[in-house]
Amino acid sequence: MERINKIQILQKELPDLELLADSRSLQIYGQDWTRFRQPDPLAVVFPRSVDQVQALVKFARLEKLALVPSGGRTGLSGGAVAASCELVVSFEKMRKISEFNPLEASLKVEAGVVTQALQAYAAEQGLFYPISFAAEGSAQIGGNIATNAGGIRVLRYGLTRDWVEGLTVVTGAGEVLELNRGLIKNASGYDLRHLFIGSEGTLGFIVAATIRLAQPPPPQTVMLLALESMPAVMSLFHSAKVYLKLSAFEFFSEQALNYVCQHRQLPQPLENPAPFYVLCEFDSDEEAALAVFEQGFADGNLLDGVISQSSAQAEELWQYREGISESITQFTPYKNDLSVRVSKVPEFMQELDQLVAESYPDFEVIWFGHIGDGNLHMNVLKPETMEVGEFERSCLLVNHAVYQLVEKYAGSVSAEHGIGLLKRNALRFCRSQAEINILRQVKRVFDPDNIMNPGKLLNDE
Ligand SMILES: Cc1cc2nc3c(=O)[nH]c(=O)nc-3n(C[C@H](O)[C@H](O)[C@H](O)COP(=O)(O)OP(=O)(O)OC[C@H]3O[C@@H](n4cnc5c(N)ncnc54)[C@H](O)[C@@H]3O)c2cc1C
């Protein structure tokens, strides 16, 4: 009854704001890619303008209504999940691309623009938007900025943060702020834009952004290589960095490859199976590629490999890496998105591997990741017969030791997926108490009534 009242008041106060509250829409818009919480939002609304977003925030402050910003819902940490009667705010109706400026190679996008649409628009202008990852066909630029998305080409192009030159935000206090206004240079004090990047919807709404575009890269070649061990992967990374102009250096385990082959019905890429694979992309240079091969064989690291001979072949090879997440989704994976400094990866991996072998003996663990950035995705698969809650509890127990290891190596419990709902108890393993206290104070400044994505990133006090 109280729910119906709230919706009626909302519709009365904001009659132009499109709203859905049927059970199917609530299921769809109340969750992201994670499946650890049952969605239970109040309703979902679809603003079409900054004014509507601002009016909604003012209303929510008065009514003490919790708001969950929602992008493409491809998040992997529960940041866009609404499980406690929150109002979901979808940016699906804000998808304009405008103000393309050829001199600056910049443009303006509304928050709901899909990442792939931005890439396509850039290509039409003869330019390049370099942030790329397997969910780019659904993820939105607002969600990418809110999570500071990384992806497969961070090695060369950096993170989403590096391409944002301006932001329009509506804070949790209801103020509209124009942050950095497209400037390259701006030494006029604290750069609030960067506070909003990676804020996971906890400070306010990102409604539009000015994005810088890159020059398109020269033709790229892709190599898929088979290796015996993780130290061999890191040693190969070293020689690849010496000989090649790398755009991507990704790794995955034999089990990860097998799931992709099964799921996408692809043939094995190489004749014999190997424990680990590397997929790297670089500016085409046959001589340099051969030098990496020769060095790899000479060091005894490399077992086998294949080099793309065309862009179509390069795309085919990418499928073996890009298909991993979707191929294991059916097993409700418990995802760890860990990072350490690149130079510490071999040592960290060795200890982590041992810990996992001792602590997760009954669960299947799938490894892959952006190893060139020191980022490992460790996915624990749920046994078919195990109930989701029990599975999560078992993983949390073991994960305590995993996080302690991350802490020992001064790493991060979330390299690129965000903290969201699922990793908030782990924040203390990579942020000091003093830092967490400051994060809380920052949140209070922008969101005094705690209406913006409450309980995400930071635990409620
Ligand atoms: C198959 C697959 C592969 C992936 N690979 C990668 C990868 O390689 N690298 C990577 O970084 N991520 C990856 N991800 C994770 C995910 O795609 C990214 O985190 C992406 O940036 C989320 O965008 P979204 O629009 O789907 O956001 P959502 O999931 O909808 O939301 C994510 C967070 O942002 C907030 N948010 C959304 N829109 C706004 C807004 N307008 N204003 C304020 N807050 C907002 C939400 O409240 C939530 O906290 C992958 C996901 C999948 C499913």
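A quick note: this is a predicted structure, and the numbers were derived from the prediction, not measured.

## Quick word on the pairing of strand E14 (residues 334-339)
No. 1: Among the 6 residues of E14, 6 are classified as buried, and the element is accordingly described as predominantly covered.
No. 2: Alternating residues of E14 divide into Tyr334, Asn336 and Leu338 and Lys335, Asp337 and Ser339, and every residue in both groups is buried.

## A short note on the pattern of salt bridges
No. 1: Applying the stated rule across the entire model yields 16 salt bridges.
No. 2: For Arg3, the salt bridge identified is with Asp40, shortest N-O distance 2.9 Å. With Arg3 in helix H1 (residues 2-13) and Asp40 in the loop between helix H2 (23-29) and strand E2 (43-46), the pair connects residues that are 37 residues apart, well separated along the chain.
No. 3: Of the residues examined, Arg3 reaches a relative accessible area of 31% and is grouped as partly exposed.
No. 4: For Glu18, the salt bridge identified is with Lys93, shortest N-O distance 2.9 Å. With Glu18 in strand E1 (residues 18-20) and Lys93 in the loop between strand E4 (87-90) and strand E5 (97-101), this residue pair connects regions lying 75 residues apart in the sequence.
No. 5: By relative accessible area, which is 31% here, Glu18 ends up partly exposed.
No. 6: A single network of salt bridges, built from pairs that share partners, joins Glu18, Arg48 and Lys93.

## Things to note about the environment of Asp51
No. 1: The topology assignment puts Asp51 in helix H3 (residues 50-63).
No. 2: Placed 64 residues apart in sequence, Asp51 and Thr115 show a C-alpha to C-alpha distance of 24 Å.

## What about helix H15 (residues 433-446)?
No. 1: Its 14 residues give H15 an end-to-end C-alpha distance of 20 Å, which sits within 8% of 20 Å, the value for a rise of 1.5 Å per residue.
No. 2: Within H15, the full set of buried residues consists of Ile436, Arg440, Lys443 and Phe446. Buried positions in H15, seen along its axis, are confined to an arc of 130 degrees and lie on one side of it.
No. 3: Each element contacted by the buried residues of H15 is listed here: strand E7 (164-171), strand E8 (176-179) and helix H7 (192-196).

## Some thoughts on the site of the ligand
No. 1: Inspection of the region around the ligand gives 36 residues, with Pro69, Gly71, Gly72, Thr74 and Gly75 positioned closest.
No. 2: Pro69 places a polar main-chain atom, nitrogen or oxygen, 2.6 Å from an oxygen atom of the ligand.
No. 3: The contact in question runs from an oxygen atom of the ligand to an N or O atom on the backbone of Gly150, over 2.8 Å.
No. 4: Bound to the protein, the ligand loses 97% of the 970 Å² it would expose on its own.
No. 5: Elements supplying a minimum of two residues to the shell around the ligand: strand E3 (67-70), helix H5 (141-147) and strand E9 (204-212).
No. 6: The dominant element in the shell around the ligand, judged by the number of residues it contributes, is H5, at 5 residues.

## A few points about the sheet that holds strand E12 (residues 276-283)
No. 1: Here 7 strands make up an open sheet; going across it, the order is E13-E10-E12-E11-E15-E16-E14 and the pairing antiparallel. Strands with a single pairing partner mark the edges of an open sheet, and in this sheet they are strand E13 (302-307) and E14. Averaged over all adjacent pairs, the angle separating strand axes in this sheet is 15 degrees, with direction ignored.
No. 2: Taken together, the 8 bridges between strand E10 (residues 220-227) and E12 define a ladder with antiparallel strand orientation. Looking at the pairing, Thr221 lines up with Phe282 of E12.
No. 3: This element, helix H10 (residues 286-298), spans E10, E12 and E13 of the sheet and lies at about 165 degrees to E13.
No. 4: Across the sheet, helix H14 (residues 388-408) is in contact with E14 and strand E16 (375-381); its angle to E14 comes to roughly 10 degrees.

## Things to note about the pairing of E12
No. 1: The buried count for E12 comes to 8 of 8 residues, which makes it a mostly enclosed element.
No. 2: Pairing of strand E11 (residues 246-253) with E12 involves 7 bridges; the strand directions are antiparallel. Looking across to E12, one finds that Phe249 is bridged to Cys280.

## Quick look at the nonpolar core
No. 1: Met223, Val233, Phe249, Phe251 and Leu352 are the most contacted members of the largest nonpolar core, which totals 60 residues.
No. 2: Apart from the residues within four sequence positions on either side, Val233 is in contact with Leu227, Phe249, Phe251, Phe276, Val278 and Ile371.
No. 3: The next biggest cluster of nonpolar side chains, apart from the first, holds 31 residues, and it includes Ile141, Ile206, Leu213 and Ala214.

## Observations regarding the sheet that holds E5
No. 1: Spatially, 5 strands are ordered E5-E6-E9-E7-E8 in an open sheet, and the strand pairing comes out antiparallel. Two strands lie at the open edges of the sheet, namely E5 and E8, each paired on one side alone. Between one strand and the next, the sheet's axes are offset by a mean angle of 15 degrees, whatever the strand orientation.
No. 2: One ladder, built from 3 bridges, connects E5 with strand E6 (residues 106-110); its direction is antiparallel. Opposite Ser98, over in E6, you have Lys108 as the bridge partner.

Analysis parameters
- Residue indices begin from 1 for each chain and proceed along its sequence in written order.
- Selection of residues for local features in this predicted model requires a pLDDT of at least 70, selection of side-chain atom pairs for listing and counting requires 80 or more, and totals for whole chains, interfaces and linings are taken over all residues.
- The basis for every side-chain value is the complete set of non-hydrogen atoms in the structure, without hydrogens or water.
- Accessibility here uses a 1.4 Å probe with only protein chains present; expressed as a share of the type maximum, an area under 20% marks a residue as buried, one over 50% as exposed, and anything in between as partly exposed.
- Numbering goes from the N terminus for both helices and strands, where a helix is a DSSP run of H or I of at least four residues and a strand is a run of E of at least two.
- By definition, a salt bridge exists where a carboxyl oxygen of Asp or Glu is found within 4 Å of a side-chain nitrogen of Lys or Arg.
- Each residue after the first adds 1.5 Å to the expected span of a helix.
- Arc definition: it is the arc formed by the directions from the helix axis to the C-beta atoms.
- In this analysis, two residues are considered to be in contact whenever any of their non-hydrogen atoms come within 4.5 Å of each other.
- By convention in these notes, a residue is near a molecule or strand provided one of its non-hydrogen atoms lies within 4 Å of it.
- Identification of polar contacts relies on pairs of N or O atoms within 3.5 Å, with a donor-acceptor requirement for protein atoms, meaning one able to donate a hydrogen and the other able to accept it, and with residues adjacent in sequence counted only if both atoms are side-chain atoms.
- Under the convention used here, a 1.4 Å probe and the Shrake-Rupley method define accessible areas, while residue burial counts only the protein chains that appear.
- Strands are treated as partners if at least two bridges between them are detected by DSSP.
- Structural elements are reduced to axes, namely lines fitted to C-alpha atoms, with helices fitted over the stretch in contact, and the angle between N-to-C directions of any two is expressed from 0 to 180 degrees.
- Nonpolar core, defined: a set of buried Ala, Val, Leu, Ile, Met, Phe, Trp, Tyr and Cys residues in which side-chain atoms within 4.5 Å join the residues together.

Structural measurements only, silent on function.
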